[in-house]
Structure formats: structure tokens, C-alpha cells
Amino acid sequence: MQHTLSVLVENSPGVLARVAGLFSRRGFNIESLAVGPTEQEDRSRITLRVDASQHSIDQVIKQLYKLINVLKVNEMTADDAIERELMIVRVAAQPNERADLIRLAEVFSARVTDVGPTSLMFECVEHPDKLHAFEEILKPYGIKELVRTGRVAMRKSVPERTRGARMRVLA
Amino acid sequence: MSATNPVPATPNQPIPARRTGVMTGAEAVIRSLEAEGVEICWGIPGGAILPLYDAWAHVEHTVRHILVRHEQGAGHMAQGYARATGKVGVCMGTSGPGATNLVTPVADAFLDSTPLVVITGQVPTHLIGSDAFQEADTTGIFMPITKHSYLVTDAADIPRVMKEAFHIARTGRPGPVLVDIPKDIANASLDFVYPDTVDLPGYKPTRSGHPLQVQAAAEAIAKARRPVLYVGGGVLNAHAEEQLAEFAEAVQIPVVTTLMAKGAFPDSHPLCIGLPGMHGSKFANWAMNRTDLLVTIGARFDDRVTGKLEAFAPGARVIHMDIDPAEISKNRHADIPIVGELQQILPALTKAYLELRTQDRIASKREWKDQVEEWRFKHPFRYRRVGPLKTQFVMERFRDLLADRDVIWTTGVGQHQMWAAQWLKVEKPRHFITSGGLGTMGFGVPAAIGAQMAYPDKVVVNIDGDGCFQMTMQELATAVSYDVPAIHAVLNNGWLGMVRQWQQLFHGERYSETLLRNDLPDYVKLAESFGALGLRAETEEEVDRVIQEAVASRRPCVIDFRVDHEEKVYPMVPAGSASSEMIDEPWDNDWVEEGV
């Protein structure tokens, strides 16, 4: 089963290696990983997508907490969090195909970011499932290059009283 | 030849001690060690760590340095010291090979939760990443085998890093912490003030167990009919042996002590049923198999204890007390987890239990105690005293001859280690020091030296194998240099005995690459060449004499016990089998009674 973990860490040297190393050492596969700064200068957030059973994910969270630089681990579910990912894709496009592709892109809220003689480049920020759907639609045209950032997630604002039930935070 | 203490060369006049003020990074490391109350550390100098060693000889300070012969020895000596005293062990090495030689003891300390601070030199910061001479990615290599690691990139960080390193190493679940210091950082200057506190927002070990969980555990124990205490090394790390004894006295149920916990509860106590697992007793394994409540105290359901996990303690509910939340339900689901310090949990649990204790509930457990007692009487550890000298006999003689002495035992890893665990009686905590989790052959010699340096007046005996001894025997030079009189008893069967046992039992007697020869080296001459005492016993008649001579000599000593190579450790739970399914030699009870 897929899980999204949001890991708040101190900005210290090697922290990403520690987190990533823990996953490989304990035999867990990381499907995607995104790292970036947060609202606090000395904190970063690592968002991981992991394939593991519930027992294993509990163990991963506990092991993450044993890392000195890890401050908080939240497990997010599709219900309680907004999940987004950026994809940039270059698609083969002859001049007569451009209009079709641009119309398709609008459906997926993708923007044209570069136009070449025989290709178009799109950027799209969406839920990862929707990015996947967009990719499938583009495939018949010929995808020349594709890059994704890995998903990031943020908890929706929900009343305090229900938050505990909706979100699993192991402290 | 008599051993002498070498006088350290001090070419310069010592600089007066300064606890604060402007100083080099190297001196700041030494001042930090002083501030932490470090008495001894073990190591070997080299290029990248030269500034630290220069300061060592140059400034006046109170920390003793022991020059070893291989960094692995330094690490295991620090472990032996830490395990004997409960304090943080400190060892040092240079960059590259110095650091990689420390990998084994650090991994060992990590698996056995031993507090260590490991200081390594590193190439200067401007050379890091350039494949410089003796450069290795030390923090990268040590990341998965340390509790935490630091690469110091600013000399001003040294006091904080050292303070944090000792704090992390000794608190919570103890473990090794690495501090890697580049050469230019050791030479740079800083204004040294050792901090009083640490600020680690991501590190806050749970201290007291949850009161509701403690109450639930007390109720479960009160109601259980066949409970067993399953005690691990965590009790020793928590210094909670007294609290354990009070708890065990209150509940009056059998106490299983794992290899790591040997001595945490007195072996001679009527409730102690000792070693479980792969080479544990039948009564301990049967008690674990039949129990209805496993009261787990600082143990971690290691595969050498549980055997096949699905078949382990099949009818039992589990109470699991541990300082490390990640151990809860890692291998075996815990019905009642209690996370916190055993020194706080155990008295609370004892108190809660005593309030629930009734005569009925005591009586209901008596039958179970009697059952375990009957198993113990009918199925003790045993061996046949026929043919060549048996290791078990040597263990019995060590046990009996030194019964009145204060002995710290260390071991290597293998058959002799299991026989030591089966046959020696250890009555006090931190008096049996062995490599449990990592199973490091070669642990015994340096661990004994480290323990003896912590307690110069105790008798320290390293029960070792010939294969193990050869892995770290160069440290005899350290022992002789510093006059460390630990006794190294080599149970010499000329084979890698435990591997041979597996080959015999499970691999069709194909003895692939396990023959060492018992006359290579000549251990007596080897000991003498180091300036140590060398003794040999080949028959039962000679055993008492060599043990007594070794103990009386108060010199570093090697005893070559020429023992039977055919002898196997029994009982045995084959790897992957249920722990109740032990194999053993056929025993005839008449034979036991006749005492042949």
C-alpha cells in the first residue's frame, strides 16, 4: 500500500542522506521524494511516497524519529491532504498537431512553456494521478522527454476536534 | 620478562590546564573529554589526527591515552570499559584506514546499545571530496551504524558537538556517536566554553512509562497463570538491576535472562532460569513456549532468542517495556507496550502489582513455577566427560575456582561463548561482557583489556576461541605495555568450532575451510614472545593448576586449553525452527545419576 510521509527535518548536513539511507537499510522502496525549504529558515520538509504495509510504515515512522535531525513525521492520506506534483514534458508536435495538443493541455490545466519546430513543452502542476492521466493522453503523440518533481503534500485545515481522528501522528 | 609502563614522551613543557578561553580545536576536544569526566581513551595516531595527538602531549590534562595496536582493538577496549562501568567509552583513530578499522566495534556497539564516542581525524576541509591521501567518507560509512554522527566544519562547534555526542551516546537507548574532525579544524582556534545543556529539538527520549499502561501490565501479570520475565540487556543499560530484582521478588515467576542480560539478575537466584534461544536451556525455552504472558523487559525478540517467530511463545500475550519505541512490535506484536526508563517503570509496576496481589493469584502461579522447576531438575545442561578435555569442564573449573573472586568475564563468539553462557555463574551486573548482536569474533581480547583497565583490582577472564583469539591477539602487546593482567583462556580446538558444528549437523559433514590446527600458532610461545605468561592444559588434571597459576600471576596471560574438536553445543534450536524444537544428544537419565 502507498503512503505519503511528510518529514520535518533540521537543515543539517547529511540529513537527506540519513533519511534516504534509513529507507534503503530497512528495505523500503521510495517511490518519490521531494525536498525543499519551509516557512522556517532552519527547517526543511522531505515528502516521501513509500510502498509498505501498515505495520512496516509504523516501523518506518518510529525509525525516522530515532534520527536526531528528524523533528516531526506526519503520515498523510488522500482525504486529509492536498497533494501536488510538477511535471514538465516535451511532446513531439508537427505544426498541424499543435492546436490539438494545446486544447488537450487546457483540460489538464497545463501551460505551454516552450514551442519548437517539431515539439511543444508543457508544464503542469496537479495531483500525481492527474499527471499520470495527462501523460497517457500525450503518449500517442510521442513523448520526447519528461521530468517530475515528486509529490509534495500539505494537510487541509480541518477543525481541531476531528484532526486527531483523520491524521495519524506518531510521536 | 617483566612488563613496564612506558613513559610518554613529552618533549615540550606542559601548558597549564585551561578550562576555558582561546585554544585550538584539538585542545578543545581534550577539554571537552575532561569536562565529560573521561578517564581513559584508546587509539592510534595518524596523519589527519596528528594535531589532536600533539595537543595530547602538549597540554596538561587528566585524560589517559592508551596506545593500541589496531583501531579495532581501541573500539572493543572502549566497549569493554563502557560495558563494565556503564560509562561512555571513548576511542580515536585517524582518517581513512583508522576510521574504517573502527567500523566493526562501532557496528558491534550499535547492535548491543553500548555508549561510545568515537573521534576520528579527517583530511583538511579543502581536500574533502578530492580523494586525498587517507580520505574516506567517514560519516557516510558510519551513518547506518551510529546513533548519530558529526562532521565538524567549524572549530567553534567543537564544544557543542562534543556535549551533544556524549549526551546522545549515554541517554535514551545508548549507542555509538561519531565525531569526525578535519585536520584544519583541529588546528583552528576558538574561544572554548563547554556548554551546560544541549538543545536537540529532535531528540527527546521518553522518560516515564504511561501510568495506564503500567496499570494494565500489573493487571495482566496478576491474572496470568504462567507468566515469564524475559529480561534483556536493556536492564543493564538502564542500571535497573535492583528494580528488576525487587519486581521479580514481588511477582515470584521464572526469569529468563538473554545473553546480553547475563548477570542482570543473579544466575544463582532460585527464580533465574537463564539463557533462552538457540543454545539456551530446555527449561528456559519450554517456559517461553508455554507461557501465557511474556513480561519483556529491555529485550528485543532477536531471532537467536525466538527461533521461528510465528512459533515463538504461541499462547502468550506480550508486555513490552523498552526505552526505544521502535522496538515495540518490531518483531513481535506487543499487547501492552510501555515506553520509558526501566528505573521508573519497574518500581511503578511493582507497586501496582502488589496492590493487586492476592493469595489466590500467588497460588495460581505456584503450579507453573513447580513445573519449570521440574524441567530444570530433569533437563539441565550436561556433557559427557569422556575422551579429550571438554570446554564445559574448563568452564566448570573456572566457575568453581573463582567462585569467591570478583570476576568480569568477556568472551569471543562461537561455541566457547555459548558454553560460557551455559556454565558460568554470573551474580552481578556488567560482569559478563560479550558480543551479542553483531557476533564479532575477536571481541574478547580487547574487551577484557578495556574492562580490566576500568577495574584494575578485579579478575578479568576472557573466555576465547582459537579462531577469535587470532583475530585480535596483537592487543597482547597493549596488555603487556600497560601491564593489564587479564587472563585470555583460549579454548583451542583447532577449528572454527561453531561453523564446524553447523557443517557437521546441517551440511553433510563437509568441513569447508574450518580447520585451523591447534598447534598453529604455539600459544604458549606466542604469549612469551609478547612478554606475557603462557600456559597450557591438555588434560583435566592440568586445568586447575593453570587457572590458579594464571590468577596468581597478576600478569597478562594466555592459557592454551587443548579441547575436543568433536564436541558440540547442545541443546540447539536449528536456525528457522521453533524454539521449542531443540535437538540434543540422546541422554540416559541413569547415566546422569551415576555421574559418569
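What you see as residue numbers is a count from 1 along each chain, following the sequence as written. All chains are assigned letters beginning at A, and all ligands numbers beginning at 1, according to the order in which they are written. This being a predicted model, a pLDDT of at least 70 is required before a residue's local features are given, and a value of 80 or more before pairs of side-chain atoms are given or counted; all residues contribute to the totals for chains, interfaces and linings.

Residues and elements named next belong to chain B. Following L520, the chain continues into P521 via a peptide bond in cis, with omega recorded as -5 degrees. Within the secondary structure, P521 is located in the loop between α21 (497-506) and α22 (523-529). The amide bond that connects Y570 to the next residue, P571, takes the cis arrangement and shows omega of -5 degrees. Position of P571 among the secondary structure elements: in the loop between β20 (557-562) and α24 (589-594). The phi dihedral of S113 is positive, around 50 degrees, even though this residue is not glycine. Residue D483 is not a glycine yet carries a positive backbone phi of 55 degrees. Looking at where D483 falls in the secondary structure, it is placed in the loop between α20 (476-481) and β18 (487-492). Residue D483 is classed as partly exposed on the basis of its C-beta count, with 16 C-beta atoms lying within 10 Å. Elements are defined by DSSP. Helices are runs of H or I of four residues or more, strands are runs of E of two residues or more, and each kind is numbered from the N terminus. Buried, partly exposed and exposed are defined by the number of other C-beta atoms within 10 Å of a residue's own C-beta, namely 20 or more, between the two limits, and 12 or fewer respectively, with C-beta atoms placed from the backbone.

All names here are of chain A. Looking at helix α4 (residues 128-138), one finds that the buried residues are L131, F134 and L138. Taken around the axis of α4, the buried residues stretch over an arc of 60 degrees, which confines them to a single face. With respect to the buried face of α4, the exposed residues turned more than 90 degrees away are D129 and E136. Along its buried surface, α4 packs onto β5 (81-92), β7 (119-126) and β8 (143-148). Note that the arc is computed from the directions linking the helix axis to the C-beta atoms. A pair of residues counts as a contact when their C-beta atoms, built from backbone coordinates, are separated by no more than 7 Å.

So, on to the interface of chain B and chain A. With 14 residues of chain B in contact, the opposing surface of chain A contributes 15 residues. For the side of chain B that touches chain A, the secondary structure elements donating two or more residues are α6 (138-142) and β6 (148-151) of chain B. Side-chain classes are defined by residue name, with Ala, Val, Leu, Ile, Met, Phe, Trp, Tyr, Cys and Pro counting as nonpolar, Asp, Glu, Lys and Arg as charged, and the others, Gly among them, as polar. The class makeup of the residues in the side of chain B that touches chain A is nine nonpolar, four polar and one charged.

Before going further, it helps to examine the packing of helix α3 (residues 71-85) of chain B against helix α5 (residues 103-111) of chain B. Residue and element names in this part refer to chain B. Axis definition: a line fitted to C-alpha atoms, limited for helices to the stretch in contact. Angles are taken between N-to-C directions and run from 0 to 180 degrees. Contact pair α3 / α5: the axes reach a minimum separation of 7 Å and the direction vectors enclose 25 degrees. Relative to α5, the element α3 is oriented roughly parallel. Each of Q72, G75, H76 and Q79 in α3 lies in contact with α5, whose residues at this interface are T104, P105, V106, D108 and A109. Its residues assigned to classes, the contact of α3 with α5 shows three nonpolar, five polar and one charged. Oblique is the label for any angle not covered by the other classes, which are roughly parallel (under 35 degrees), roughly antiparallel (over 145) and roughly perpendicular (65 to 115).

The subject of this paragraph is the domain arrangement of chain A. Residue and element names in this part refer to chain A. Domain assignment breaks chain A into domain 1 (2-80) and domain 2 (82-152). The gap between the C-alpha centroids of domain 1 and domain 2 is 29 Å. Taken residue by residue, the interface counts seven residues in domain 1 and five residues in domain 2. Broken down by element, the side of domain 1 that touches domain 2 gets its largest block of residues, three residues, from strand β2 (residues 29-37). Domain segmentation is taken from an automatic or database assignment of domains.

Of all hydrophobic cores here, the largest spans 199 residues; its most connected members are V117(B), V179(B), V231(B) and I559(B). Excluding anything up to four places from it in sequence, I559(B) contacts I487(B), A489(B), V490(B), L535(B), A537(B), V546(B) and A550(B). Put simply, a nonpolar core is a cluster of buried Ala, Val, Leu, Ile, Met, Phe, Trp, Tyr and Cys residues tied together by C-beta atoms within 7 Å. Judged by nonpolar contacts, the second largest core, of 13 residues, contains A93(A), L101(A), L120(A) and L138(A).

What follows deals with the sheet that holds strand β9 (residues 227-231) of chain B. All names here are of chain B. A pair of strands is labelled paired if DSSP reports no fewer than 2 bridges between them. In space, the six strands of this open sheet follow the order β11-β10-β9-β12-β13-β14, with parallel pairing throughout. A single partner strand is all that each edge strand has here, and the edge strands are β11 (272-274) and β14 (336-339). The mean angle between the axes of side-by-side strands here comes to 20 degrees, regardless of whether they run parallel or antiparallel. As paired elements, strand β13 (residues 317-322) and β14 share four bridges and run parallel to each other. Bridging from a neighbouring strand, H320 pairs with P337 of β14. Contacting β9, β12 (293-297), β13 and β14, helix α9 (residues 211-223) crosses the sheet at an angle of about 135 degrees to β14.

Residues and elements named next belong to chain B. Parsing chain B into structural domains produces domain 1 (21-192), domain 2 (211-378) and domain 3 (391-562). Look at where the C-alpha atoms of domain 2 and domain 3 centre, and you get two points 31 Å apart. In this complex, domain 2 contributes 13 residues to the contact, which on the side of domain 3 involves 13 residues.

This part is about α21(B). Residue and element names in this part refer to chain B. Burial in α21 covers these residues: G497, M498, R500 and Q501. Buried residues of α21, viewed axially, fall in a sector of 155 degrees; they line one side. Contacts from the buried residues of α21 go to α17 (415-423) and β17 (459-465).

Another point: the pairing of β6(B). Every regular strand shows the same layout, with side chains that alternate between the two sheet faces. All names here are of chain B. What you see with β6 is no split at all: H148 and Y150 on one side and S149 and L151 on the other are buried throughout. Bridge count between β6 and strand β7 (residues 176-182): four bridges; the pairing is parallel. Within the sheet, the bridge partner assigned to L151 lies in β7 and is D180. Throughout, right-handed denotes a crossover for which the path from the first strand over the helix to the second runs clockwise when the strands point away from the viewer. As a crossover connection, the stretch from β6 through helix α7 (residues 158-170) into β7 is right-handed.

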